[in-house]
Amino acid sequence: MGFVKSSARRVGVVGLLHESNTFLAVPTTRDNFVHASLTTGSAVIKRWAESKHELGGFIQGAHKFGFAAIPIMATYAIPSGTITAGTFEQLLGELQTEIKSNLPLDGLLLALHGATVSES
């Protein structure tokens, strides 16, 4: 799928998805995200471009409307307990690193799905 035009606006694509259940005693860790799907860079396009999901819509919309979808990071974990504070901080740190390495950007499209509750 050709989605980047050299003169196009550069818009980062990000997804952080988790249905947190605060009543469950077992916390959600980074391993839960890695096991389900943690993608960065071009792997985001490979994993999500054809999906029937917000992320797929972002990528398909970029192609349709002529802006560059810059794949940043997308991750989800199977619905489970509260995300540990360390996991949440680590994911945010990785996200910040990925955004900085892809600057300049004209904007971000964020798929923030689910309760995504962290201990902190």
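Draft legend 1. Region of the structure containing the environment of F58. As for its placement among the helices and strands, F58 is situated in helix α3 (residues 54-65). Each residue touching F58, except ones within four places of it in the same chain, is listed here: V13, V14, F67, L109, L110 and A111.

Draft legend 2. Summary view of the environment of L109. Structurally, L109 is set in strand β4 (residues 107-113). Residue class for L109 comes out partly exposed when judged on its relative accessible area of 25%. Separated by 95 residues in sequence, L109 and V14 have C-alpha atoms that sit 6.2 Å apart. When neighbours within four sequence positions are excluded, L109 is seen to be in contact with V11, G12, V13, V14, F58 and F67.

Draft legend 3. Region of interest: helix α4 (residues 85-101). End to end, α4 covers 24 Å across 17 residues, agreeing with the expected 24 Å (1.5 Å per residue, within 8%). Turning to α4, the residues buried within the fold contact β1 (10-17), α1 (30-36), β2 (37-40) and β3 (68-76).

Draft legend 4. Main features of the sheet that holds β2. What the four strands build is an open sheet, ordered β2-β3-β1-β4; its pairing is mixed. In this open sheet, the two edge strands, each paired with only one partner strand, are β2 and β4. Adjacent strand axes in the sheet meet at a mean angle of 15° when their direction is disregarded. The sheet contact formed by β2 and β3 spans four bridges and is antiparallel. What sits directly across from S37, in β3, is Y76. In the packing of α4 onto the sheet, the strands contacted are β1, β2, β3 and β4, and the crossing angle to β3 comes to about 170°.

Rules behind the numbers
- Residues numbered from 1 in each chain as written.
- Predicted model: local features only at pLDDT ≥ 70, side-chain atom pairs only at ≥ 80, totals over all residues.
- Heavy atoms only, no water.
- Helix = DSSP H or I, 4+ residues; strand = E, 2+ residues; numbered from the N terminus.
- Contact = heavy atoms within 4.5 Å.
- Buried < 20%, exposed > 50% of the residue type's maximum accessible area, 1.4 Å probe, protein only.
- Expected span 1.5 Å × (residues − 1).
- Pairing = 2+ DSSP bridges.
- Axes fitted to C-alpha atoms, helices over the stretch in contact; angles between N-to-C directions.

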